[in-house]
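Commentary on secondary and tertiary structure
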Amino acid sequence: MISLFGILSFCSCNKEKSKTENISHKEQLKNQFDQDISMAILFLDSAATDQSKLKQHLTASRTYFKKIEPVLAALDIENYGFLNQPNILKVEEDDYTDIKVKKASGYQVLEEEVYADEMNTEVIQKHLSLVANRLKLVKENISFTHVKPYHFLWLFRKAIVRIGITGTTGFDSPVLENSLEESKIVYQSLQTSLSYYQDQFKDQTLFDEWNAEIDATTKDLSGDFNAFDRYHFIKNHTHKQLVLWNKMAEDWGTTFPFELAIKNEANSLFSDATFNLTFFSDQNSGPITPEKVALGEKLFYDTNLSSANQISCATCHHPDKAFTDGLKIGKGVTRNTPTLLYAGLQKDFFYDKRAGSLEGQIVSVVENENEFHTDLETLKNVVSNDSVYANAFKEVFHRNEITDAHIRNAIASYIRSLNPFNSKFDRNINNLENSLTQSEINGFNLFHGKAKCATCHFAPLFNGTVPPDYKESEIELIAVPEQNDTINATISPDLGRYYVYKTPERKHFFKTSTVRNVSKTAPYMHNGVYNTLEEVVDFYNRGGGAGIGIDQEYQTLPPDPLNLSPQEIKDLIAFMESLEDIDTSYSETKTEKLASTTN
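Predicted model only: the values in this text are computed from it and were never measured.

A few words on the overall build of the protein. Secondary structure assignment for the protein yields 25 helices and four strands. A compact globule built from 599 residues would reach a C-alpha radius of gyration of about 25 Å, and the protein, at 25 Å, matches this within 12%. A separation of at least 24 residues holds for 69% of the contacts in the protein among residues at least 6 apart in sequence. For the protein, the accessible surface area stands at approximately 25300 Å², while carbon and sulfur atoms represent 49% of it.

Following this line, the structure appears as structure tokens:
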């Protein structure tokens, strides 16, 4: 394959150019963007007309796409998503009357088609045209007029997080696994963009420090894809850059109008101070205070909220089992009980994503005849008639009347507090201790590399909520079997997401659960079919359902075996076990940190 740096070098922008041009920062950004997107279009057009150099032209076009990625992903996320989507069917289910099923296009699709064993010229030409036309549309319509320094800082940090979490995993280069080289391109683009803002730095040594760090980072982004040390890359580069980013924001005197999913002051991706809880909350949920969390915790353990006064939330979510119940399928329900740890850091709930908030999920639990078996009005009356609760709610919500919305919000706030980030792995990657074994480090690198786990279970949450925007929780069809059988396997009869909108293309799709605390949450999968992590890894190692003979047209998991060795399997499991938190319950010692999550 030709060198991406070789393609890039002939029109790379001089870092010092911004010093001599009397134009604004955003104009320089736009000019560079226009140059790069024009080159991306040019090489696609060349690919369409010169089949003899198809692969070379596609690589060159994708190089320039990677150059514009930080800006495009921040200013036009919809078109960025189209251009960089995986080669799987896209289903949009807004409501029963507005369901759209679309075939994917974009650079990932082109990569798979161009490098297929047998190329389909007609299909390739179609996608070349679709991608080129979309790029032309972006070039004509993208606007930089609103861009302020804080927008640049946000897009800069998003790019850093994207590389650290998905850019080095093969997430968007599934065939070529060209992720390391492409990550270099993104960093080089960031370095060029940063040069346009050199005059923003009061401390020029900080600007120099950034350049030195980016140079060191691109140097380390080398070697074999599977052998790449992602653990130390995040520890030594991604986290260092988050610290530098905060110094840069302070040096620029930046005032941010609000916070995104990641808190503006975050210096680590693996901390209980990383995420903005409000971002993931219902828009009407209000501030998450220690007092509200304490009230929610009391409600969580109160059996009086159920019709028979025998069931509480804790009946099915035990703290000692990472807030699961240890059962294959709980009594009166149809699916395995998921952990509540980190549950608040996602956008959709239940395995089929039928609830859009924790407050909404609680409604189903209250009304389910096999769970609380009551209704919201009765729930409200039970709580209102308790003088202790009445006083507590008045103090927390500053209202005399208790509503079911208040009750659900209090319980949801308690669940949102359950994000310890204090596992052995967290403590090590944050330099709080040095106790990870080489096997555990190897396992993390396998998880993000050869084993391809991290292309669905995204760090640091290790669930399906997609970074760096964290606006969507993915659902997948991996074809989980009904029984632990690799000879005569049949798919679990549970149709998952299909039950919500009856979309045929969504049969057997389930939300991607977190891998955190899996050492405590057996059995596994939505139907509890696997009792051990060894069985789970064996399923994926074979290629998921397809690897054990289950034929599903829309399986999202690559069907190819992972070819993990016995030692690699041990390492992978060792890493996953290192994600076990040492404290899985709310504690008063966390009140100060919790109080700082919302303003």
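Picking up where we left off.
As a further point, take unusual backbone geometry. Omega for the peptide link from alanine 459 to proline 460 comes to 5 degrees, which places this bond in the cis form. As for its placement among the helices and strands, proline 460 is situated in the loop between helix H20 (438-447) and strand S3 (475-476). Residue proline 468 follows proline 467 across a cis peptide bond; omega there is 0 degrees. Inspection of the secondary structure puts proline 468 in the loop between H20 and S3. A positive phi angle, near 70 degrees, is found at tyrosine 342, a position not held by glycine. Assignment of secondary structure puts tyrosine 342 in the loop between helix H14 (313-316) and helix H15 (358-367). Take tyrosine 342: its relative accessible area is 1%, and that puts it in the buried class.

Another aspect to go through is the packing of helix H3 (residues 25-49) against helix H7 (residues 121-141). The geometry of H3 relative to H7 is characterised by a closest axis approach of 9 Å and an angle of 160 degrees between their N-to-C directions. Between H3 and H7, the angle falls in the class roughly antiparallel. Seen along the crossing, H3 lies across H7 with a hand that is left-handed. Together, Phe33, Asp34, Ile37, Ser38, Ala40, Ile41, Leu44, Asp45, Ala47 and Ala48 of H3 and Gln125, Leu128, Val131, Ala132, Leu135, Lys136, Val138 and Lys139 of H7 make up the contact between the two elements. Its residues assigned to classes, the contact of H3 with H7 shows twelve nonpolar, two polar and four charged.

What follows covers the packing of aromatic side chains. The description of an aromatic ring pair uses the distance of the two centres, along with the angle that the planes make with each other. Inspection of the entire model under this criterion finds 42 aromatic pairs. With a centroid separation of 5.6 Å and an interplanar angle of 20 degrees, the aromatic rings of tryptophan 245 and phenylalanine 256 are classed as stacked. Highlighted residues: tryptophan 245 in helix H11 (residues 230-251) and phenylalanine 256 in the loop between H11 and helix H12 (277-280), separated in sequence by eleven residues. Overall, the relative accessible area of 0% leaves tryptophan 245 in the buried class. Its relative accessible area of 18% is what places phenylalanine 256 among the buried residues.

Right, let's get into the pattern of salt bridges. Oppositely charged side chains are able to pair whenever their charged atoms sit close together. The full count for this structure, using the stated rule, is 27 salt bridges. Across the salt bridge formed by lysine 424 and glutamate 440, the nearest N and O atoms sit 3.0 Å from each other. With a gap of 16 residues between them, lysine 424 in helix H19 (residues 424-429) and glutamate 440 in helix H20 connect regions that are remote in the sequence. The residue arginine 542 makes a salt bridge to aspartate 538 at a minimum N-O spacing of 2.8 Å. Looking at arginine 542, the relative accessible area reads 35%, which means it is partly exposed. Salt bridges sharing common partners tie together Arg62, Lys66, Glu69, Asp172 and Glu182.

A separate point is the environment of alanine 308. Mapped onto the elements, alanine 308 comes out in the loop between helix H13 (290-300) and H14. Expressed as a C-alpha distance, the spacing of alanine 308 and glutamate 371, which sit 63 residues apart in the sequence, is 9.9 Å.

With that out of the way, let us pick up the pairing of strand S2 (residues 98-102). Pairing analysis gives five bridges linking strand S1 (residues 90-95) to S2, with the strands arranged antiparallel. The residue bridging aspartate 95 from the neighbouring strand is aspartate 98, located in S2. The loop that links S1 with its antiparallel partner S2 comprises two residues.

The next thing to look at is the nonpolar core. General note: in soluble globular proteins, nonpolar side chains tend to be found buried as a group. In this structure, Leu299 and Met576 are the most contacted members of the largest nonpolar core, which totals 97 residues. The biggest single contributor to this core is helix H18 (residues 404-416), with six residues. Those residues within four positions of methionine 576 in sequence are excluded, and the remaining contacts are Phe447, Val515, Val518, Leu533 and Val537. Core analysis: the next-biggest nonpolar cluster, separate from the first, contains 64 residues, Phe43, Tyr107, Val131 and Leu206 among them.

This brings us to the packing of helix H4 (residues 54-75) against helix H8 (residues 149-167). With their axes 9 Å apart at the nearest point, H4 and H8 run at an angle of 115 degrees to one another. As summarised for this structure, H4 and H8 are arranged roughly perpendicular, according to the angle between their axes. The handedness of the crossing between H4 and H8 comes out as right-handed. Together, Glu69, Pro70, Val71, Ala73 and Ala74 of H4 and Leu155, Ala159 and Arg162 of H8 make up the contact between the two elements.

This part takes up the state of the cysteines. A complete count under the given rule lists zero disulfides for this structure. Distance from the sulfur of cysteine 313, which forms no disulfide, to the nearest cysteine sulfur (cysteine 316) is 9.0 Å.

A volume near 340 Å³ is recorded for the second largest pocket. Looking at the second largest pocket, it is lined by 19 residues, and the ones nearest its centre are Ala74, Trp154, Lys158, Leu260 and Asp469. Counting residues per element, the ones that place at least two in the lining of the second largest pocket are H4 and H8. Counting residues per element, the lining of the second largest pocket draws most heavily on H8, which supplies six residues.

Looking at the element boundaries, arginine 157 is found in helix H8. Nearest to the buried, unbridged arginine 157 among oppositely charged side chains is glutamate 259, at 7.1 Å. With near-sequence residues (within four places) excluded, arginine 157 lies in contact with Leu242, Trp245, Ile262, Lys263 and Asn264.

Note: α-helices contain 3.6 residues per turn, so residues at a spacing of three or four share the same orientation. A rise of 1.5 Å per residue sets the reference length of H18, with its 13 residues, at 18 Å; its end C-alpha atoms lie 18 Å apart and thus fit the reference within 8%. Across the 13 residues that make up H18, a large majority, twelve, are buried. Turning to H18, its buried residues are Asp404, His406, Ile407, Arg408, Asn409, Ala410, Ile411, Ala412, Ser413, Tyr414, Ile415 and Arg416. Those residues of H18 that are buried lie in contact with H12, H13, H14, H15, helix H16 (376-384) and helix H17 (387-397).

Within the secondary structure layout, alanine 40 lies in helix H3. Relative accessible area serves as the criterion here: at 0%, alanine 40 is assigned to the buried category. Each C-alpha atom, one on alanine 40 and one on valine 186, is 14 Å from the other, the two residues being 146 residues apart in sequence.

Glancing now at H17. Within the sequence span of H17, burial applies to Tyr389, Phe393, Val396 and Phe397. Seen from one end, H17 has its buried residues packed into an arc of 75 degrees, which puts them on one side. Exposed and oriented more than 90 degrees from the buried face of H17 are Ser387, Val388, Asn391 and Glu395. Residues of H17 that are buried make contact with H13, H16 and H18. One side-chain oxygen at the N-terminal end of H17 lies 2.9 Å from the backbone nitrogen of valine 388; it belongs to aspartate 386. Immediately downstream of H17, the backbone of histidine 398 shows phi near 60 degrees, a positive value.

Each value, and the rule that gives it
Residues numbered from 1 in each chain as written. Predicted model: local features only at pLDDT ≥ 70, side-chain atom pairs only at ≥ 80, totals over all residues. Heavy atoms only, no water. Helix = DSSP H or I, 4+ residues; strand = E, 2+ residues; numbered from the N terminus. Rg over C-alpha atoms; globule rule 2.2 N^0.38 Å. Contact = heavy atoms within 4.5 Å. Areas by Shrake-Rupley, 256 points an atom, 1.4 Å probe, with all protein chains shown as cover. Buried < 20%, exposed > 50% of the residue type's maximum accessible area, 1.4 Å probe, protein only. Axes fitted to C-alpha atoms, helices over the stretch in contact; angles between N-to-C directions. Parallel < 35°, antiparallel > 145°, perpendicular 65-115°, else oblique. Left-handed = near helix turned anticlockwise from the far one by under 90°. Nonpolar A, V, L, I, M, F, W, Y, C, P; charged D, E, K, R; others polar. Phe/Tyr/Trp six-rings, centres within 6.5 Å; stacked < 30°, edge-to-face > 60°. Salt bridge = Lys/Arg side-chain N within 4 Å of Asp/Glu carboxyl O. Pairing = 2+ DSSP bridges. Core = buried A, V, L, I, M, F, W, Y, C linked by side-chain atoms within 4.5 Å. Disulfide = S-S within 2.5 Å. 1 Å grid on protein atoms, 1.4 Å probe; cavity = no way out; pocket = protein on both sides within 12 Å on 5 of 7 lines; lining within 4 Å. Points joined across faces, edges and corners; volume = space filled by probe spheres on them. Lys, Arg positive; Asp, Glu negative; His and termini not counted. Expected span 1.5 Å × (residues − 1). Arc of directions from axis to C-beta. Polar contact = N/O pair within 3.5 Å; in protein donor to acceptor, adjacent residues only side chain to side chain.

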